[in-house]
Amino acid sequence: KGRRGGFRATYVGTDNGCGEDGLCGGHGTCEGGTCVCSDGYGGLSCTVPHCLHQALTLADGAKMISQAPGEPLPPEAECAWSFEANAGETIRVVVETLNLEAYDGLKGDRVLIRTAGNDTNVQIQAEATYEISSSSVSLTLETDKNDAGATYDGFSATAYSVA
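Before going into details, it helps to say that this report is about the structure given with it. All residue numbers refer to position in the chain's written sequence, counted from 1. Reporting of local features is limited, given that this is a predicted model, to residues whose pLDDT is at least 70; pairs of side-chain atoms are given and counted only at 80 or more, and all residues count toward the totals for whole chains, interfaces and linings. Note: side-chain values were computed over all heavy atoms of the structure, leaving out hydrogens and water.

### Quick look at the overall build of the protein
For step 1, the next point in the chain: Secondary structure follows DSSP: runs of H or I at least 4 residues long count as helices, runs of E at least 2 residues long count as strands, and numbering of each begins at the N terminus. A tally of regular secondary structure across the protein gives zero helices and 13 strands.
For step 2, the next point in the chain: Start at the N end of the protein and walk to the C end: the helices and strands fall as β-β-β-β-β-β-β-β-β-β-β-β-β.
For step 3, the next point in the chain: Across the 163 residues that make up the protein, the buried fraction comes to 34%.
For step 4, the next point in the chain: Here, residues are in contact when the closest pair of their heavy atoms is within 4.5 Å. Here the contacts in the protein between residues at least 6 apart in sequence split such that 65% fall between residues at least 24 apart.
For step 5, the next point in the chain: In this description, accessible areas are obtained by the Shrake-Rupley approach with a 1.4 Å probe, and a residue is regarded as covered only by the protein chains that are shown. Surface summary for the protein: the accessible area is close to 10,300 Å², and the carbon and sulfur share equals 48%. When accessible area is computed with a 1.4 Å probe and restricted to protein chains, residues below 20% of their type maximum are described as buried, those above 50% as exposed, and intermediate ones as partly exposed.

Structural data, given as structure tokens:
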């Protein structure tokens with residue numbers, strides 16, 4: 001008779017605090033033995049780049065930025081920012097930076113505009129002003145993992161509520 005054996009695996013995570021050098025991967029500060037990461041980075045030692053999901057609130061709109069200035073565009077990310085206009089107003093999106101790996105329909109990086117209640121996506125093609133006839137909009141940055149060795153400035157835009 002054959003014998004079936006089981007398999008057991010144990011994962012043990014160790015937290016080395018702020019790392020051996022206490023520098024938090026060069027992307028944060030060590031406070032009480034724990035890394036406090038700079039914008040655009042996460043992980044135990046601040047070495048994992050990620051999108052800046054928080055939109056910076058302005059007096060008359062919101063600023064959306066894909067990554068910390070001078071830092072790499074996060075690979076394989078899907079970042080989304082939402083903006084809602086004042087009652088009775090529409091939205092204007094001004095794209096200041098659009099420097100991404102070209103999207104060929106299958107691979108590459110892209111930014112999409114999706115309006116409330118609309119399942120269609122409009123791909124942002126250029127640094128320009130986009131007038132959106134909706135009171136609610138979502139912008140989504142989708143990146144792939146093919147950016148190895150390439151540097152891109154990413155995406156930045158400001159959304160305004162306009163009468």
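### Describing the state of the cysteines
For step 1, the next point in the chain: The criterion for a disulfide is a pair of cysteine sulfur atoms lying within 2.5 Å. Within this structure, the stated rule accounts for two disulfides.
For step 2, the next point in the chain: The residue that forms a disulfide with C24 is C35, at a sulfur-sulfur distance of 2.2 Å. Between C24 and C35, the S-S torsion sits near -95 degrees, and that sign places the bridge as left-handed. Here the residue C24 occupies a position in the segment before β1 (28–31), and C35 occupies one in strand β2 (residues 34–37), the gap between them amounting to eleven residues.
For step 3, the next point in the chain: Of the residues examined, C24 reaches a relative accessible area of 0% and is grouped as buried.

### Notes on the pattern of salt bridges
For step 1, the next point in the chain: What makes a salt bridge here is a side-chain nitrogen of Lys or Arg within 4 Å of a carboxyl oxygen of Asp or Glu, nothing more. Under the criterion given, the structure shown has four salt bridges.
For step 2, the next point in the chain: A salt bridge links E96 to K63; its shortest N-O distance comes to 3.0 Å. In this pair, E96 is assigned in strand β8 (residues 90–99) and K63 in strand β6 (residues 61–65), connecting sequence segments 33 residues apart.
For step 3, the next point in the chain: For E96, a relative accessible area of 30% corresponds to the partly exposed category.
For step 4, the next point in the chain: You can call K63 partly exposed: its relative accessible area is 22%.

### Brief notes about the packing of aromatic side chains
For step 1, the next point in the chain: Stacked, edge-to-face and tilted are the three classes for Phe, Tyr and Trp ring pairs, Trp counted by its six-membered ring, which pair at centre distances within 6.5 Å; planes under 30 degrees apart are stacked, over 60 edge-to-face, the rest tilted. Scanning the entire structure with this criterion turns up one aromatic pair.
For step 2, the next point in the chain: Taken together, a centroid distance of 5.8 Å and an interplanar angle of 40 degrees make the contact between W81 and F155 tilted. Of this pair, W81 sits in strand β7 (residues 78–84) while F155 sits in strand β13 (residues 154–162), placing them 74 residues apart in sequence. F155 matches W81 in its accessibility class, with the two residues each being buried.

### A look at the environment of Y130
For step 1, the next point in the chain: Relative to the elements of secondary structure, Y130 occurs in strand β11 (residues 129–132).
For step 2, the next point in the chain: A C-alpha to C-alpha distance of 5.7 Å links Y130 and R92, two positions 38 residues apart in sequence.
For step 3, the next point in the chain: We define a polar contact as two N or O atoms separated by no more than 3.5 Å, with the added condition that, inside protein, one atom must be a possible hydrogen donor and the other a possible acceptor, whereas residues neighbouring each other in sequence contribute only through side-chain atom pairs. Among the polar contacts made by the side chain of Y130, one reaches the main-chain carbonyl oxygen of A126 at a distance of 2.9 Å.

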